[in-house]
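Each chain, written out:
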Amino acid sequence: MALTERDVDRFEAARPRLAAIAYRLLGASGDAEDAVQETYLRWQAADVGRIESPEAWLTKVLTNWCLNVLTSARVRRETYAGQWLPEPLLAGDPMLGPADTAEQRDSVSYAVLVLLERLSPKERAVYVLREAFGHAHREIAGILDVSEAASQQIHHRARKRIAEGRARMEVDRSAARRIVEEFLAAATTGRTEPLVALLTEDAVAIGDGGGKVPARAKAFEGARAVATFLRGLFRPGQAKRAIVGGVPEVYAATANGGPAFVVVVDGRVVGIACLEVTAEGIAAVRSQVNPDKLVRATERWAAVGAGEVPFVRL
């Protein structure tokens, strides 16, 4: 049955929310857009007039599609070239979804997206639907075809695993922005010690090149190892410029609600590093340099970031 204009409008009204759910579940904007499109095709094929709650129906279809993708993704990522990291989104991207509550902001932070990878697909779905979108366990039970008690147990288990991975206290946003600027200043001195002073003793640095851009598969561990790596990363050089196709410009920025720096060449985002800033110092530097996961960031940068002044040119 062909959709009426009203039916199409109802789906379009739900699209931003569906995309935000899918991004949290899948960790990549392209996969999230595919999930939303698949949901639309099912909406198009359904007898829409018989659907009592379109929002619940659409959420159920989208979530279950994402669960199938997550199950197959676990197999694919076993053969992924190097370390798999989520796709970072720059400030203001509508796919980040609601940010009215601390739980909503936290659920899309880069650190939490990384931790979500440790959960089973069903744990991830319950956590996202409950924490980010405020669904009652009765609603989640209907979406996932489990009992309400099971939803509560899954949520408790997921929250516990996320909390265990975030044992440190994080700092507020204004302090985090100041620290990222201090970090960039230290990284451009060419010396290791200023960087070591900003890192926690057990700091880690890891990158995702997707087999398309050089990125070390194994994390650098420990403040000195991370500082040495970063010192080399920020050292200007012709070889570096040849790899990225021009003169890299580094900007202090915000990605997934947290401190980050963005590397841009001729208007194209070639890298985003998300910093996990805690009260003890910078605990992690996670760099996304896989060009497939920077397309959306480049589009966003072209729309809003072009007027910013680079922190440094390499």
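- The chain is annotated in an unreviewed UniProt entry as RNA polymerase subunit sigma-70 from Streptomyces solincola.
- Here the chain is described in UniProt, under the heading Subunit (unreviewed entry), as follows: "Interacts transiently with the RNA polymerase catalytic core formed by RpoA, RpoB, RpoC and RpoZ (2 alpha, 1 beta, 1 beta' and 1 omega subunit) to form the RNA polymerase holoenzyme that can initiate transcription."
- What UniProt records for the chain under Sequence similarities (unreviewed entry) is the sentence "Belongs to the sigma-70 factor family. ECF subfamily."

### Overview of the packing of helix 1 (residues 5-26) against helix 2 (residues 29-45)
- One can describe the packing of helix 1 onto helix 2 by two numbers: an axis separation of 8 Å at closest approach and a directional angle of 145°. The two elements helix 1 and helix 2 meet at a crossing, and its hand is right-handed. Residues Asp7, Val8, Arg10, Phe11, Arg15, Leu18, Ala19, Ala22, Tyr23 and Leu26 of helix 1 touch helix 2, and the partners they reach there are Ser29, Asp31, Ala32, Ala35, Val36, Thr39, Tyr40 and Trp43.
- When its residues are assigned to classes, the contact of helix 1 with helix 2 shows 12 nonpolar, 2 polar and 4 charged.

### A short note on the UniProt feature "domain: RNA polymerase sigma-70 region" (unreviewed entry) in the chain
- Under the local residue numbering, the UniProt record ascribes the feature "domain: RNA polymerase sigma-70 region" (unreviewed entry) to residues 11-74.
- Segment residues 11-74 splits into 84% helix and 0% strand. End C-alpha atoms: 30 Å apart.

### Points about the domain arrangement of the chain
- Once the domains are mapped, the chain shows domain 1 (5-167) and domain 2 (173-313).
- The straight-line distance from the C-alpha centre of domain 1 to that of domain 2 is 28 Å.
- Between domain 1 and domain 2, roughly 2100 Å² of surface is buried when both sides are summed, and carbon and sulfur atoms account for 58% of that area.
- The largest per-residue losses of area from domain 1 upon contact with domain 2 belong to Leu85, Pro88 and Leu90, which jointly make up 30% of the total buried on that side.

### Some remarks on the pattern of salt bridges
- Applying the stated criterion across every chain, the model contains 19 salt bridges.
- Ionic pairing is found between Arg124 and Glu117, a salt bridge with its closest N-O pair at 2.6 Å.
- Residue Glu117 is classed as partly exposed on the basis of its relative accessible area of 25%.
- Close ionic contact of Lys160 with Glu164 constitutes a salt bridge, the shortest N to O distance being 2.7 Å.

Cut-off values and rules
- Residues numbered from 1 in each chain as written.
- Predicted model: local features only at pLDDT ≥ 70, side-chain atom pairs only at ≥ 80, totals over all residues.
- Heavy atoms only, no water.
- UniProt positions renumbered as here; feature names shortened; annotations may be inferred.
- Axes fitted to C-alpha atoms, helices over the stretch in contact; angles between N-to-C directions.
- Helix = DSSP H or I, 4+ residues; strand = E, 2+ residues; numbered from the N terminus.
- Left-handed = near helix turned anticlockwise from the far one by under 90°.
- Contact = heavy atoms within 4.5 Å.
- Nonpolar A, V, L, I, M, F, W, Y, C, P; charged D, E, K, R; others polar.
- Domains from an automatic or database assignment.
- Buried area = accessible area lost by both parts, 1.4 Å probe.
- Salt bridge = Lys/Arg side-chain N within 4 Å of Asp/Glu carboxyl O.
- Buried < 20%, exposed > 50% of the residue type's maximum accessible area, 1.4 Å probe, protein only.

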